[in-house]
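# Understanding the architecture of this molecule
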Amino acid sequence: MEKQNKRLLWSALGFFAAFVLWTVLVCRADVRPDRVQIGKGEQQCISASISCAETSGAPLPICARTRNSGMFYRPTLRFLRIANTAPTGYPLNDILRLYQIYFRDTFYCGLPEAEAADKLLARLKKRLDLPDADEARLTERLQAAFEAEGYHALFGKTQGYYGPYVWRETVPAVYQVELPDGSAEYTVNLLKGFVFRSWMDYLTFGRYGTGGWASPDGTINCIEQAYDLESERFRVSLLKHEAQHTVDRKRFPQITPAELEYRAKLVELHFSGDPGLLQKFLSEADESKPDDSHAVASARIGREFADTDQTVLSCIQTRALELLRAHTRELEEKYGESRDHPNGEAV
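Quantities reported herein were computed from a predicted structural model and do not represent experimental measurements.

What counts and what doesn't
- Residues numbered from 1 in each chain as written.
- Predicted model: local features only at pLDDT ≥ 70, side-chain atom pairs only at ≥ 80, totals over all residues.
- Heavy atoms only, no water.
- Salt bridge = Lys/Arg side-chain N within 4 Å of Asp/Glu carboxyl O.
- Helix = DSSP H or I, 4+ residues; strand = E, 2+ residues; numbered from the N terminus.
- Polar contact = N/O pair within 3.5 Å; in protein donor to acceptor, adjacent residues only side chain to side chain.
- Pairing = 2+ DSSP bridges.
- Axes fitted to C-alpha atoms, helices over the stretch in contact; angles between N-to-C directions.
- Phe/Tyr/Trp six-rings, centres within 6.5 Å; stacked < 30°, edge-to-face > 60°.
- Buried < 20%, exposed > 50% of the residue type's maximum accessible area, 1.4 Å probe, protein only.
- Parallel < 35°, antiparallel > 145°, perpendicular 65-115°, else oblique.
- Left-handed = near helix turned anticlockwise from the far one by under 90°.
- Contact = heavy atoms within 4.5 Å.
- Nonpolar A, V, L, I, M, F, W, Y, C, P; charged D, E, K, R; others polar.

### Section: the pattern of salt bridges
- This model, assessed by the stated rule, comprises 18 salt bridges.
- Here R123 ties to D105 by a salt bridge, and the two come within 3.6 Å at their closest N and O atoms. Of this pair, R123 sits in helix α3 (residues 113-127) while D105 is found in helix α2 (residues 92-108), placing the two residues 18 residues apart along the sequence.
- One salt-bridge network, in which partners are shared between bridges, spans D181, R251, R325 and E332.

Have a look at this one:
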C-alpha cells in the first residue's frame with residue numbers, strides 16, 4: 001500500500017511538472033498555424049486547449065466553454081487561416097495570427113492588456129512595414145489589405161480589447177424601427193460569411209460574441225449568424241438598441257459610451273417582453289471596469305432598479321421609460337440641446 005501511494009504521488013508530481021513546463025513553453029512560443037489544411041478560401045480551425053477549474057465566479061473572458069462539453073477550457077492556441085494571395089504583400093493569415101497571440105498573452109498568460117496591446121501594435125507595424133504609423137494609419141492599411149482580397153473588415157476595440165471583424169458579404173435591408181420618441185426607417189446591413197468575429201467569439205468558440213453595431217452614418221450592422229431575424233432579440237436587442245445609439249449620437253455628439261449603453265439598455269427594457277432581460281443586465285454589472293461601457297451601464301441600471309419590483313414586467317417597462325426621460329433631461333443640461341435634434345427620425 002505504501003509503495004502504491006508513493007507511486008501515485010510521484011505520478012502526480014510528474015504530471016504537475018509537465019503541466020508547468022508546457023504552460024511556460026506555450027506562453028513563450030509563437031502561434032504556429034502552418035499545420036492547418038486550408039479549404040477553398042474558407043476557415044478551418046484547430047484548437048489546442050488546456051482545462052482550468054470550473055468555478056461559479058470564473059469570468060467568461062478567462063475560461064470558455066467548448067461547444068460539446070460542460071467543462072471550461074482555455075483556448076490557448078486556436079489556429080485559423082484563410083486562403084489569400086494578397087497583391088498588397090500582406091498575407092492575411094499572418095495578421096490574424098498576431099491578434100491570436102494578443103488573445104493568448106492577455107487572456108491566458110496574464111499579461112496586462114495595455115502591455116499586450118503595445119506588443120500587438122508593434123508587431124502589426126513591423127508586419128506592414130509602418131514603423132512610425134499612428135493607430136489610425138495602421139487601421140487604414142489593415143482594412144485595405146483585407147478589402148484587396150474581397151473581405152470586409154472592421155478593426156479597433158470591443159469592450160476594452162482589440163479584435164478584428166472579418167466577413168465576406170454585406171446585404172443591405174430596410175427596417176421600420178419604433179423608439180420612445182418616434183418611428184423611422186433604418187438601413188440594416190446583414191453581414192454574412194464571418195471569418196473572424198473579435199475576441200469574445202474567439203474565446204468561447206462562437207458561443208458568445210458581438211451581434212452588431214451602429215455606424216457613424218446611422219446604418220445598423222447585424223451579424224446575421226447571431227440572430228433569428230424573426231425574434232424579439234433581433235427586433236429589440238439589436239434594432240432598437242442600435243437605433244437608439246444613432247439618435248443619441250446625433251442629438252448629443254459628446255455623449256460617452258457608458259451613457260449610450262445605459263440609454264439603449266433602458267430602451268430594450270421598455271420594449272422587451274422578457275422579464276429576465278433585467279437580470280441579464282444585472283449579471284453584467286461591474287463598475288470596476290471603466291473601459292467596459294456595457295458593464296458600467298448595467299451597474300447604473302442595477303442601482304436605479306433596486307426599488308422596483310423586478311418580477312413584474314409592467315413595472316420594469318414603466319421604470320425604464322421613466323429613467324430614460326429623466327436621463328434625457330440630464331443630458332440636455334450637461335451637453336445642451338442639439339440644433340438638429342432628429343426627434344426619433346433616422347439619421
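From this point, the discussion proceeds with the structure in view.
### Brief notes about the side chain of S272
- Along the polypeptide, S272 turns up in the loop between α7 (257-271) and α8 (276-284).
- Within polar-contact distance, the side chain of S272 engages the side chain of E232 at 2.8 Å.
- Polar side-chain contacts of S272 include one of 3.0 Å to the backbone nitrogen of D274.

### Notes on the sheet that holds strand β4 (residues 152-154)
- Read from one edge of the open sheet, five strands run β4-β7-β8-β10-β9, paired in mixed fashion. The open sheet has two edge strands with one neighbour each: β4 and β9 (212-214). Pairs of neighbouring strands in the sheet enclose a mean axial angle of 35 degrees, with direction left out of account.
- Across four bridges, the pairing between strand β8 (residues 182-197) and strand β10 (residues 220-223) is parallel. Considered in β10, the bridge of L191 is made with I223.

### Describing the packing of aromatic side chains
- Under the defined criterion, the tally for this structure stands at 17 aromatic pairs.
- Arranged with centres 5.0 Å apart and planes meeting at 45 degrees, the rings of F103 and Y202 form a pair that is tilted. Pair noted here: F103 is in helix α2 and Y202 is in helix α5 (residues 198-203), with a separation of 99 residues, a long-range link. Taken as a pair, F103 and Y202 share a single burial class, namely buried.

### Quick word on the packing of α7 against helix α10 (residues 313-335)
- Across the interface, α7 lies against α10 with an axial gap of 8 Å and an inter-helix angle of 150 degrees. Looking at the two axes, α7 sits roughly antiparallel to α10. The element α7 and its partner α10 pack so that their crossing is left-handed. Of the residues in α10, those touching α7 at E259, Y262, R263, L266, V267, L269 and H270 are I316, Q317, A320, L321, L323, L324, H327, T328, L331, K334 and Y335.
- Per-class residue counts for the contact of α7 with α10 are eleven nonpolar, four polar and three charged.

No statement about biological role is implied by the geometric values presented.
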